Amino acid sequence: MKKRKEDDFYCYRSADVNGPLQTHLLAKETATLLEKRSLEIPFLSFLFAGDRRALDPQKVHKIMVNGFKKLNSFVYLEEDTDLDYLKQFGGNPKKVKSHNKKDKIYGQSHLSLITPPKDFYYGKSGIYRDCEHYPEKSKDFKNCKSEGFDNKVWIGEATKKNLKKGLMRRLRYNPLWKTMLKEIKKHLIATE
C-alpha cells in the first residue's frame, strides 16, 4: 500500500481493509455453492486477457465455465496476448481484439469496461490522465499527465510488460463500448 495524491475526484484511491475482506468472504461463499452444483442462470462476462493486476482472467473464467451452464463470455486480447495462456481458459470464450495501433491502444484494463469513450472525465478526450503507475515526482509521471503528450503516449493496462514498451497511460474508457452494448442487448434478448 502506498499513499498517493488524490487528484481523481471520482475515484478514491486509498484502500480500506473491509472492502477486500467482504469480497473474499463473498467469493468463498460463492465457490462453496458452485461446488455443490452448476447454476442454470444465463451469465454474461467480459474479461481482459492482459489485465492480471486485480484477478487472473484465466482463473476467473475457469470458475465461470465450471459454475454456470449458460455462459456467454468475451475475452479482450492485447496485441501480444500469449496464445498458450488462452488455451487454458476452457469453455468457448469469444476472442475480441482490443488493441489498436492507430489509436495507440495496447489493450483494455479492468477499469475501462464500464466507461464510454465520450465520457467527459475518463473518455478518449477526457480531462483525467491515469499515470499512477509512475512515481509522482518522476519525469515520466509529469510527461504522462501533460496534455502535450496526448498524441505520444500509448494507453492500456499498466502491466510490467506494457510499461517496458515506453511512456503510457492507463486506459480508463472502453473503445469497444458500442459493440459491448450490442452484445449485452443480444444476450438479454436471448434470455427472455
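Model, not experiment: these values are computed from the prediction.

Draft legend 1. Spotlight on the sheet that holds strand E2 (residues 68-77). With respect to topology, 3 strands assemble into an open sheet ordered E1-E2-E3, the strand pairing being parallel. Each end of this open sheet is capped by a strand with a single partner; those strands are strand E1 (39-48) and strand E3 (94-97). If you compare each strand with its neighbour and ignore which way they point, the axes differ by 15 degrees on average. Of the strand pairs in this sheet, E1 and E2 are connected by 8 bridges, and their pairing is parallel. Within the sheet, the bridge partner assigned to Phe43 lies in E2 and is Leu71. Sheet contacts for helix H2 (residues 57-67): E1 and E2; angle to E2, the most-contacted strand, approximately 160 degrees. Along the sheet, helix H6 (residues 177-190) makes contact with E1 and E2, crossing E1 at roughly 175 degrees.

Draft legend 2. Molecular detail of the side chain of Asn174. Mapped onto the elements of the fold, Asn174 is located in the loop between strand E5 (168-170) and H6. Separated by 2.8 Å, the side chain of Asn174 and the backbone nitrogen of Leu176 make a polar contact. Those residues in contact with Asn174, other than ones at most four positions away along the chain, are Tyr76, Gln108, Ser112, Leu113, Thr115, Pro117 and Met180.

Draft legend 3. Inspection of the packing of aromatic side chains at higher detail. Scanning the model with the defined rule gives 9 aromatic pairs in all. Taken together, a centroid distance of 4.1 Å and an interplanar angle of 25 degrees make the contact between Phe43 and Phe68 stacked. With a gap of 25 residues between them, Phe43 in strand E1 and Phe68 in strand E2 connect regions that are remote in the sequence. For Phe43, a relative accessible area of 23% corresponds to the partly exposed category. Here the aromatic rings of Tyr122 and Tyr128 are separated by 5.8 Å at their centres, their planes lie at 90 degrees, and the arrangement is edge-to-face. Each member of the pair Tyr122 and Tyr128 is classed as buried. Within the aromatic cluster, the residues linked to one another by ring pairs are Phe46, Phe48, Phe74 and Tyr76. Between the NZ or CZ atom of Lys152 and the centre of the ring of Phe149, over which it lies, the distance is 5.0 Å.

Draft legend 4. Structural context of the layout of surface pockets. Estimates place the volume of the second largest pocket at around 430 Å³. Surrounding the second largest pocket, 20 residues form its lining, Lys124, Asp150, Ile155, Arg169 and Tyr173 being those nearest its centre. Grouping the constituent residues of the lining of the second largest pocket by class yields 6 nonpolar, 4 polar and 10 charged.

Draft legend 5. Local environment of the state of the cysteines. In this structure the tally under the stated criterion is 1 disulfide. What pairs with Cys131 in a disulfide is Cys144, and their sulfur atoms sit 2.0 Å apart. Note on the Cys131 and Cys144 pair: the S-S dihedral is about -80 degrees, so by sign convention the disulfide is left-handed. Placement of the pair is Cys131 in the loop between E3 and helix H4 (139-145) and Cys144 in helix H4, with a sequence separation of 13 residues.

Draft legend 6. Region of the structure containing the pairing of E2. Counting buried residues along E2, 7 of its 10 residues qualify, which places the element largely inside the surrounding structure. The pairing of E2 with E3 spans 4 bridges and is classified as parallel. Residue pairing for E3: Leu77 is matched across the bridge by Lys97.

Parameters and conventions
Residues numbered from 1 in each chain as written. Predicted model: local features only at pLDDT ≥ 70, side-chain atom pairs only at ≥ 80, totals over all residues. Heavy atoms only, no water. Pairing = 2+ DSSP bridges. Helix = DSSP H or I, 4+ residues; strand = E, 2+ residues; numbered from the N terminus. Axes fitted to C-alpha atoms, helices over the stretch in contact; angles between N-to-C directions. Contact = heavy atoms within 4.5 Å. Polar contact = N/O pair within 3.5 Å; in protein donor to acceptor, adjacent residues only side chain to side chain. Phe/Tyr/Trp six-rings, centres within 6.5 Å; stacked < 30°, edge-to-face > 60°. Buried < 20%, exposed > 50% of the residue type's maximum accessible area, 1.4 Å probe, protein only. Lys NZ or Arg CZ within 6 Å of the ring centre and 35° of its normal. 1 Å grid on protein atoms, 1.4 Å probe; cavity = no way out; pocket = protein on both sides within 12 Å on 5 of 7 lines; lining within 4 Å. Points joined across faces, edges and corners; volume = space filled by probe spheres on them. Nonpolar A, V, L, I, M, F, W, Y, C, P; charged D, E, K, R; others polar. Disulfide = S-S within 2.5 Å.

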